[in-house]
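For reference, the chains in residue letters:
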Amino acid sequence: MKHLKTYTIQFVGLKQGEHDFQFNIDNTFFEHFEYDDFNSIAIELDIKLIKKSTLLEFYFDAKGLVNVNCDLTNEPYDQPLEATYKLVVKFGQEYNDEIDDILIIPHGEYEVNIAQYIYELIVLAMPAKRVHPGVEDGTLESDILDKLEELRIKNNEAESDEEPQKKEIDPRWEKLKDFLTDNK
(Lines give C-alpha, C1' and ligand atoms only; values in the text may rest on other atoms or scores of the structure.)
Protein backbone atom coordinates (compact mmCIF):
# COMPACT_ATOMS: atom_id res chain seq x y z
CA MET A 1 0.00 0.00 0.00
CA LYS A 2 3.02 2.29 0.34
CA HIS A 3 3.19 2.65 -3.44
CA LEU A 4 -0.45 3.79 -3.53
CA LYS A 5 0.41 6.69 -1.16
CA THR A 6 1.86 8.32 -4.27
CA TYR A 7 -1.72 8.81 -5.44
CA THR A 8 -2.82 10.58 -2.26
CA ILE A 9 -3.32 14.27 -2.86
CA GLN A 10 -3.13 16.60 0.13
CA PHE A 11 -5.42 19.51 -0.60
CA VAL A 12 -5.30 21.38 2.73
CA GLY A 13 -2.21 23.44 1.93
CA LEU A 14 -3.33 24.28 -1.60
CA LYS A 15 -4.78 27.67 -2.49
CA GLN A 16 -8.18 27.90 -4.11
CA GLY A 17 -7.93 27.55 -7.87
CA GLU A 18 -6.37 25.19 -10.37
CA HIS A 19 -3.56 22.72 -9.59
CA ASP A 20 -1.97 20.18 -11.94
CA PHE A 21 -0.58 16.73 -11.13
CA GLN A 22 1.10 14.25 -13.48
CA PHE A 23 1.51 10.51 -12.97
CA ASN A 24 3.05 7.75 -15.08
CA ILE A 25 1.06 4.53 -14.73
CA ASP A 26 2.81 1.21 -15.33
CA ASN A 27 2.47 -2.45 -14.33
CA THR A 28 3.50 -1.87 -10.71
CA PHE A 29 0.34 0.21 -10.20
CA PHE A 30 -1.89 -2.71 -11.26
CA GLU A 31 0.03 -5.24 -9.15
CA HIS A 32 -1.48 -3.62 -6.05
CA PHE A 33 -4.95 -4.35 -7.41
CA GLU A 34 -3.94 -7.90 -8.43
CA TYR A 35 -5.02 -7.14 -11.99
CA ASP A 36 -2.97 -9.01 -14.58
CA ASP A 37 -4.89 -8.64 -17.86
CA PHE A 38 -2.28 -6.22 -19.20
CA ASN A 39 1.08 -7.45 -20.49
CA SER A 40 2.53 -3.97 -20.08
CA ILE A 41 1.17 -0.48 -19.71
CA ALA A 42 2.52 3.01 -20.28
CA ILE A 43 -0.06 5.67 -19.48
CA GLU A 44 0.55 9.34 -18.86
CA LEU A 45 -2.10 10.68 -16.52
CA ASP A 46 -2.73 14.39 -16.12
CA ILE A 47 -4.96 15.44 -13.25
CA LYS A 48 -6.33 18.92 -12.86
CA LEU A 49 -7.60 19.76 -9.38
CA ILE A 50 -9.83 22.78 -9.02
CA LYS A 51 -10.12 23.66 -5.37
CA LYS A 52 -13.19 25.64 -4.37
CA SER A 53 -14.35 26.72 -0.92
CA THR A 54 -16.92 23.93 -0.55
CA LEU A 55 -15.71 21.17 -2.88
CA LEU A 56 -12.90 19.79 -5.02
CA GLU A 57 -13.14 18.94 -8.72
CA PHE A 58 -10.72 16.42 -10.24
CA TYR A 59 -10.38 16.14 -14.02
CA PHE A 60 -8.52 12.99 -15.12
CA ASP A 61 -6.99 12.76 -18.60
CA ALA A 62 -5.20 9.50 -19.47
CA LYS A 63 -3.28 8.80 -22.71
CA GLY A 64 -0.95 5.99 -23.64
CA LEU A 65 -0.56 2.39 -24.76
CA VAL A 66 -1.63 -0.84 -23.13
CA ASN A 67 -0.15 -4.11 -24.39
CA VAL A 68 -2.85 -6.81 -24.23
CA ASN A 69 -3.56 -10.14 -25.91
CA CYS A 70 -6.06 -10.32 -28.76
CA ASP A 71 -9.29 -12.11 -27.81
CA LEU A 72 -9.33 -13.97 -31.14
CA THR A 73 -5.71 -14.97 -31.69
CA ASN A 74 -4.09 -14.43 -28.28
CA GLU A 75 -1.37 -12.41 -30.07
CA PRO A 76 -0.07 -9.45 -28.03
CA TYR A 77 -0.57 -5.96 -29.44
CA ASP A 78 -0.52 -2.33 -28.27
CA GLN A 79 -3.99 -0.90 -27.65
CA PRO A 80 -4.04 2.90 -27.69
CA LEU A 81 -5.95 4.34 -24.75
CA GLU A 82 -7.46 7.77 -24.20
CA ALA A 83 -9.87 8.42 -21.36
CA THR A 84 -11.24 11.28 -19.31
CA TYR A 85 -13.15 11.37 -16.05
CA LYS A 86 -14.51 14.00 -13.68
CA LEU A 87 -14.72 13.43 -9.93
CA VAL A 88 -16.31 15.84 -7.48
CA VAL A 89 -15.23 15.60 -3.84
CA LYS A 90 -17.65 17.07 -1.31
CA PHE A 91 -17.49 17.29 2.45
CA GLY A 92 -20.11 15.68 4.68
CA GLN A 93 -20.69 13.85 7.95
CA GLU A 94 -19.17 10.54 6.88
CA TYR A 95 -17.28 8.89 4.01
CA ASN A 96 -19.53 7.89 1.09
CA ASP A 97 -18.46 6.69 -2.37
CA GLU A 98 -21.74 5.12 -3.48
CA ILE A 99 -22.45 7.77 -6.15
CA ASP A 100 -20.33 7.25 -9.29
CA ASP A 101 -18.93 10.72 -9.88
CA ILE A 102 -19.19 12.13 -6.35
CA LEU A 103 -17.04 11.26 -3.36
CA ILE A 104 -18.09 12.52 0.06
CA ILE A 105 -15.37 12.71 2.69
CA PRO A 106 -15.77 13.74 6.35
CA HIS A 107 -15.16 17.34 7.41
CA GLY A 108 -11.61 17.75 8.70
CA GLU A 109 -10.00 15.44 6.11
CA TYR A 110 -6.89 16.91 4.55
CA GLU A 111 -6.13 14.42 1.75
CA VAL A 112 -7.84 12.15 -0.77
CA ASN A 113 -6.49 8.97 -2.37
CA ILE A 114 -7.41 8.73 -6.06
CA ALA A 115 -5.78 5.36 -6.84
CA GLN A 116 -9.11 3.50 -7.09
CA TYR A 117 -10.45 6.08 -9.55
CA ILE A 118 -7.32 5.82 -11.70
CA TYR A 119 -7.65 2.03 -11.74
CA GLU A 120 -11.32 2.18 -12.78
CA LEU A 121 -10.66 4.85 -15.41
CA ILE A 122 -8.05 2.76 -17.19
CA VAL A 123 -9.78 -0.63 -16.89
CA LEU A 124 -13.14 0.72 -18.04
CA ALA A 125 -11.57 2.62 -20.96
CA MET A 126 -10.37 -0.64 -22.51
CA PRO A 127 -12.61 -2.06 -25.25
CA ALA A 128 -14.81 -4.99 -24.27
CA LYS A 129 -13.53 -7.04 -27.20
CA ARG A 130 -9.82 -6.69 -27.87
CA VAL A 131 -9.02 -7.40 -31.50
CA HIS A 132 -5.53 -7.14 -32.98
CA PRO A 133 -5.44 -4.49 -35.75
CA GLY A 134 -3.86 -7.10 -38.05
CA VAL A 135 -6.98 -9.26 -37.75
CA GLU A 136 -9.22 -6.40 -38.85
CA ASP A 137 -7.16 -5.48 -41.91
CA GLY A 138 -6.07 -9.05 -42.74
CA THR A 139 -2.31 -8.52 -42.38
CA LEU A 140 -1.73 -10.63 -39.25
CA GLU A 141 -0.05 -13.98 -39.87
CA SER A 142 -1.04 -16.38 -37.10
CA ASP A 143 -1.34 -20.14 -36.73
CA ILE A 144 -4.61 -19.65 -34.89
CA LEU A 145 -6.09 -17.59 -37.72
CA ASP A 146 -4.91 -20.15 -40.27
CA LYS A 147 -6.59 -22.94 -38.32
CA LEU A 148 -9.82 -20.93 -37.98
CA GLU A 149 -9.82 -20.25 -41.73
CA GLU A 150 -9.25 -23.93 -42.45
CA LEU A 151 -12.16 -24.94 -40.24
CA ARG A 152 -14.43 -22.27 -41.72
CA ILE A 153 -13.88 -23.61 -45.23
CA LYS A 154 -14.70 -27.13 -44.09
CA ASN A 155 -17.94 -25.91 -42.54
CA ASN A 156 -18.95 -24.14 -45.75
CA GLU A 157 -18.23 -27.28 -47.79
CA ALA A 158 -20.34 -29.34 -45.40
CA GLU A 159 -23.24 -26.91 -45.85
CA SER A 160 -22.95 -26.97 -49.64
CA ASP A 161 -23.03 -30.79 -49.62
CA GLU A 162 -26.39 -30.68 -47.83
CA GLU A 163 -28.01 -28.26 -50.30
CA PRO A 164 -28.73 -30.76 -53.07
CA GLN A 165 -30.77 -32.80 -50.62
CA LYS A 166 -33.85 -30.68 -50.01
CA LYS A 167 -34.90 -30.94 -46.40
CA GLU A 168 -38.60 -31.47 -45.97
CA ILE A 169 -40.25 -28.78 -43.86
CA ASP A 170 -43.14 -29.55 -41.56
CA PRO A 171 -46.34 -28.39 -43.34
CA ARG A 172 -47.46 -26.44 -40.25
CA TRP A 173 -44.35 -24.25 -40.50
CA GLU A 174 -44.75 -23.95 -44.26
CA LYS A 175 -48.25 -22.45 -43.71
CA LEU A 176 -46.74 -19.68 -41.56
CA LYS A 177 -44.77 -18.41 -44.56
CA ASP A 178 -48.10 -17.38 -46.11
CA PHE A 179 -48.49 -14.72 -43.43
CA LEU A 180 -45.29 -13.02 -44.59
CA THR A 181 -46.66 -12.52 -48.12
CA ASP A 182 -50.24 -11.67 -47.10
CA ASN A 183 -49.29 -8.45 -45.26
CA LYS A 184 -47.62 -6.79 -48.27
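Computed from a predicted model, the values in this text were never measured in an experiment.

Caption draft 1: Geometry of the nonpolar core. Counting 39 residues, the largest nonpolar core has I25, F30, F58, F60, I114 and I118 as its most contacted members. Among the secondary structure elements, those contributing two or more residues to this core are β2 (17–25), α1 (27–31), β3 (40–51), β4 (55–69), β5 (76–92), β6 (102–106) and α2 (115–125). Looking at this core, the element that brings in the most residues is α2, giving seven residues. Residues within four places of I118 in sequence aside, it is in contact with Y7, I25, F29, L45, I47 and F60.

Caption draft 2: Geometry of the layout of surface pockets. Taken as a whole, the largest pocket holds about 210 Å³ of empty space. Class assignment of the residues belonging to the lining of the largest pocket gives a composition of seven nonpolar, two polar and five charged.

Caption draft 3: Seen up close, a nonpolar patch on the surface. Where nonpolar side chains cluster on the molecular surface, the patch consists of I169, W173, L176 and F179 and spans about 460 Å² of accessible area. With respect to the helices and strands, I169 occurs in the loop between α4 (143–162) and α5 (171–182).

Caption draft 4: Up close: the environment of K90. Here K90 lies in strand β5. Put simply, K90 and L56 are 34 residues apart on the chain and 6.6 Å apart in space, counted from C-alpha to C-alpha. Setting aside anything within four residues of it in sequence, one finds K90 in contact with L55, I102, L103, I104 and I105.

Caption draft 5: Spotlight on the pairing of β3. Where β2 meets β3, nine bridges bridge the pair, whose relative direction is antiparallel. When the sheet's bridge partners are listed, D20 is paired in β3 with K48. Counted along the chain from β3 to the antiparallel partner β4, the turn is three residues long.

Caption draft 6: View of the sheet that holds β2. Taken together, the five strands give an open sheet; going across it, the order is β2-β3-β4-β5-β6, and neighbouring strands pair in mixed fashion. Unpaired on one side and paired on the other, β2 and β6 mark the two borders of the sheet. Sheet twist, expressed as the average angle between the axes of neighbouring strands with direction ignored, equals 20°. Note: β5 against β6, five bridges, orientation parallel. Note on β6: the bridge partner recorded for K90 is I104. The sheet strands contacting α2 are β2, β3, β4, β5 and β6, and the helix crosses β5 at an angle near 140°.

Reading the values: the criteria
Residues numbered from 1 in each chain as written. Predicted model: local features only at pLDDT ≥ 70, side-chain atom pairs only at ≥ 80, totals over all residues. Heavy atoms only, no water. Core = buried A, V, L, I, M, F, W, Y, C linked by side-chain atoms within 4.5 Å. Buried < 20%, exposed > 50% of the residue type's maximum accessible area, 1.4 Å probe, protein only. Helix = DSSP H or I, 4+ residues; strand = E, 2+ residues; numbered from the N terminus. Contact = heavy atoms within 4.5 Å. 1 Å grid on protein atoms, 1.4 Å probe; cavity = no way out; pocket = protein on both sides within 12 Å on 5 of 7 lines; lining within 4 Å. Points joined across faces, edges and corners; volume = space filled by probe spheres on them. Nonpolar A, V, L, I, M, F, W, Y, C, P; charged D, E, K, R; others polar. Patch = residues over 30% accessible without salt bridge, like charges linked within 9 Å, V, L, I, M, F, W, Y side chains within 5 Å. Areas by Shrake-Rupley, 256 points an atom, 1.4 Å probe, with all protein chains shown as cover. Salt bridge = Lys/Arg side-chain N within 4 Å of Asp/Glu carboxyl O. Pairing = 2+ DSSP bridges. Axes fitted to C-alpha atoms, helices over the stretch in contact; angles between N-to-C directions.

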